[in-house]
Amino acid sequence: MLRLLLGLIVGIVLSQHLALPIWIPIILLSVSAILAFGSWRTKPRLFTAALWLLLTSLGALVALRAQPCDPFPSATPRQLIVQLRHTPRRTPKCYKAQADILASRDSLGWHNCQGKILLYIQQDSLSATLRYGSRLWLQAQPRKPDTALNPYQFDYRRHLRRKGILYQCYTPTGCWHTLTAPPPRGLRYRAQQIQLALLARLRATTLTPQHQGLVAALALGWRDDLSPNTQLRFQQAGITHLLCVSGLHVGIVALLVGGLLSLFGCTPHGRRIKSLLQLLAVWSFTLISGLAPATLRAALMFTLLIVSRSLGRQYSTANTLCASALILLLVRPALVFDVGFQLSYAAMTGIILWHEPLQQLVPVYNKEGRTTLARLLLHKLWGWATLSLSAQLATLPFTLYYFHQFPAYFLIANLLIVPFMEIILGAAFLAILFGGGAATLLQTLLGAIDSLTAWVAARPHALIQDIYCDLPLAFIIFAGLIFLTLLIRRRQRWALPAALLCLLAATAYTVHIDALAGRQHSVILYNTGRHFAVECFDGRHSYLVCDDSVARRPDIIDYQRRGYLLHQRVNATTVLPIDTSFFDGRCAVKGHCILFDGRRLLVIDSANAGVFRSLRKGAACGDVVPGRHFDAVIVAPQIRLDPSLLGAGVECDTFLCRYACTAL
């Protein structure tokens, strides 16, 4: 199953990066199917190659067929009719929801359309009543999401495209209204109705609003009511995975239901009833929690496990894991690029490979075959520790590459909280359904979780941030984990020096990157929308020359510059407004001019644009700017100025217009 899965993943990735026409994978699929059918008995090597080619071409085919088509190929519409795909999620300023486009209107009239759109609806009393399946008329112009406009910036357009969304639209109050439509049908609609009903019961309990938001995230996958303080504490403690309904939650639901129905397991007929009820509980919970990739993976795995046990068949965890990934990728091939999908399968792979061998290092029985209560407790505690350690190590390359951070005390937090998650989730469901004493018990448990997470998060360097990790370094770490697996699983002695060599290579690579960053002297103009920002890099120190609004709050452009700062290994920044006078021997700012590393830059903004508009060809401007020649003239985003209006008084090698992003 692993070979088949790898072939499918390779096909999906190649189709995304090579832009293949659809007829190529169709031909390859047909040829490989013929070769596999003709060689499956006589030529096993040819059969293996043909089967791998078959899965690769199948992956490319399903990925190409799943790519979204532009619903507005000819003209951007002014009016839309859409239907919400889920209940809108509240953000600080608006409600956010995905919707199916049903019709659009342009200058030629109404047209039927098919596609998805991301809606941002202004908060008011009417938008708060929107639910899954609501049909809306919108008077707004959809636009394509922003792409990555600066180096190492998150590409939001590509992220939404992989979800099948090509357009987004902001809808203010008064520019939309609901339409009468028949209520939607299907399991997803029923699941959302049940989720909202359970949320209403949860909000009617005696729990505090902060704890209600925590229970909604833990038990129902609803994170709108989760407070930022709670998210920060869980992140610093290294247990953010508990706030995302995942395989752990699905497994606890299956175990709870299995424990309650243990009496049915005495006979073959009773085992089938128990398995059927377990499957019903697992998939109901998966639907209610929003069908996240991690819950889908766990639901498929538990389905295969429960079915195999009820039929008396042998069960392979690794094969089942690969089979669940294969099924999910055939249905939704873009999931291979989903970070949650990658983290979920990486964590489960680490648990399968390392948990049992590491747990056996602390045996439950001594040499005489006896055990004690202390040995049992130690064995159980060591089992939880190795479970958390296996999952954290397996996801290490992904967390460092995507998030550039590492929770230093994750093991302590997981040992203190994860073993009690079964009790916490059980109490949460009882409190939602019945309230009363269960809500009081749950309040006590959540108070203990608050105290534990606050204590762990308050430890020094609880969350190590801004860790440098690019793709080569992530592959080096991944190779080291492979050698570690060979050492633990197969006792290969040569794997230990190989793993240590990978560790040495990762350290040497990081030192090399830091050395290069310490010698850098570069300048970049960011694309920050309506703001102006130029950053000059002198080693691992930078000078951010910007307008007054950014100088007062540099964090408003963190989204545009954070990735580039991490790549350049900057550890200190001096913020300088463009209208200031500054000189420290390395960088000088005066009269809207920047002098850095032998380069002279002139900035034109609202303070001096009028002077340059009044210049005529051949006029001198020595009284306006010091000197005549500049390496670049930069026009702030809010200024519209043609380069010909500068006149002969200013000479420049580069004229950077508004919204440019250029490395100088």
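Computed from a prediction, not measured in an experiment: that's the story for all the values here.

Trainee: Just to check I follow, could you spell out the nonpolar core for this structure?
Mentor: One recurring pattern in soluble globular proteins is that nonpolar side chains are buried together. The biggest cluster of nonpolar side chains holds 37 residues, and the ones touching the most others in it are Val215, Leu242, Met421 and Leu442. Among the secondary structure elements, those contributing two or more residues to this core are α5 (187-203), α6 (209-220), α7 (228-237), α15 (410-417), α16 (421-433) and α17 (437-457). In this structure, Met421 is in contact with Leu218, Leu242, Leu248, His249 and Ile252, ignoring residues within four places of it in sequence. Grouped together as the second largest cluster of nonpolar side chains are 26 residues, Leu576, Phe596, Val603 and Ile604 included.

Trainee: Can you help me understand the pattern of salt bridges in this one?
Mentor: Note on pairing: side chains with opposite charge can pair once their charged atoms come close. Counted under the stated rule, the structure contains 15 salt bridges. Across the pair Asp514 and Arg569 runs a salt bridge whose closest N-O atoms are separated by 2.8 Å. Of this pair, Asp514 sits in helix α19 (residues 495-518) while Arg569 sits in the loop between α21 (558-568) and β14 (572-577), and the two are 55 residues apart along the sequence. Taking relative accessible area as the criterion, Asp514 reaches 23% and is therefore assigned partly exposed. Connected via shared salt-bridge partners are Arg90, Arg203 and Asp225.

Trainee: Please explain the environment of Ala346 as it appears in this structure.
Mentor: Checked against the element boundaries, Ala346 lands in helix α12 (residues 339-359). The class for Ala346 is buried, based on a relative accessible area of 10%. Separated by 35 residues in sequence, Ala346 and Leu311 have C-alpha atoms that sit 29 Å apart. Apart from the residues lying within four places of it in its own chain, the contact partners of Ala346 are Ala394, Thr395 and Phe398.

Trainee: Just checking my understanding: could you explain a nonpolar patch on the surface for this structure?
Mentor: Together, Ile22, Trp23, Ile26, Ile27, Val31, Leu35 and Leu46 give the surface a local cluster of nonpolar side chains, amounting to about 610 Å² of exposed area. The dominant element in the nonpolar patch, judged by the number of residues it contributes, is helix α2 (residues 23-39), at 5 residues. Position of Ile26 relative to the elements: it lies in helix α2. For Ile26, a relative accessible area of 40% corresponds to the partly exposed category.

Trainee: Could you clarify how one ought to interpret the confidence of the model for the chain in this entry?
Mentor: Interpreting fine coordinate detail is not advised for predicted regions of low pLDDT. For the chain, mean pLDDT is 83; residues scoring 70 or higher make up 91% of the total. Across the chain, the secondary-structure element scoring lowest on mean pLDDT is strand β20 (residues 651-656), at 55, and the one scoring highest is α19, at 94. Below a pLDDT of 50 lies the segment residues 616-626, which in the model reaches 18 contacts outside its immediate sequence neighbourhood of four places, other chains included.

Conventions and cut-offs
Sequence positions are assigned chain by chain, starting from 1 and proceeding in written order. Totals for whole chains, interfaces and linings use every residue, but because this is a predicted model, local features are given only for residues with pLDDT of at least 70 and side-chain atom pairs only at 80 or more, for both listing and counting. Only hydrogens and water are removed before side-chain values are computed, so all heavy atoms of the structure are retained for them. Put simply, a nonpolar core is a bunch of buried Ala, Val, Leu, Ile, Met, Phe, Trp, Tyr and Cys residues held in one set by side-chain atoms that sit within 4.5 Å of each other. Note on exposure labels: buried denotes an accessible area under 20% of the residue type's maximum, exposed denotes more than 50%, and partly exposed covers the range between, all computed with a 1.4 Å probe on protein chains only. Each helix corresponds to a stretch of at least 4 residues labelled H or I by DSSP, and each strand to a stretch of at least 2 residues labelled E; elements are numbered beginning at the N terminus. The contact rule is simple, with two residues in contact once any of their heavy atoms fall within 4.5 Å. A pairing counts as a salt bridge when a side-chain nitrogen of Lys or Arg comes within 4 Å of a carboxyl oxygen of Asp or Glu. Only residues above 30% relative accessible area that lack a salt bridge enter a patch, with like-charged residues linked at up to 9 Å and the nonpolar side chains Val, Leu, Ile, Met, Phe, Trp and Tyr linked at up to 5 Å. Residue burial considers only the protein chains on display, and all accessible areas are found by Shrake-Rupley using a 1.4 Å probe. Summary of the metric used: pLDDT quantifies the predictor's per-residue confidence within the range 0 to 100.

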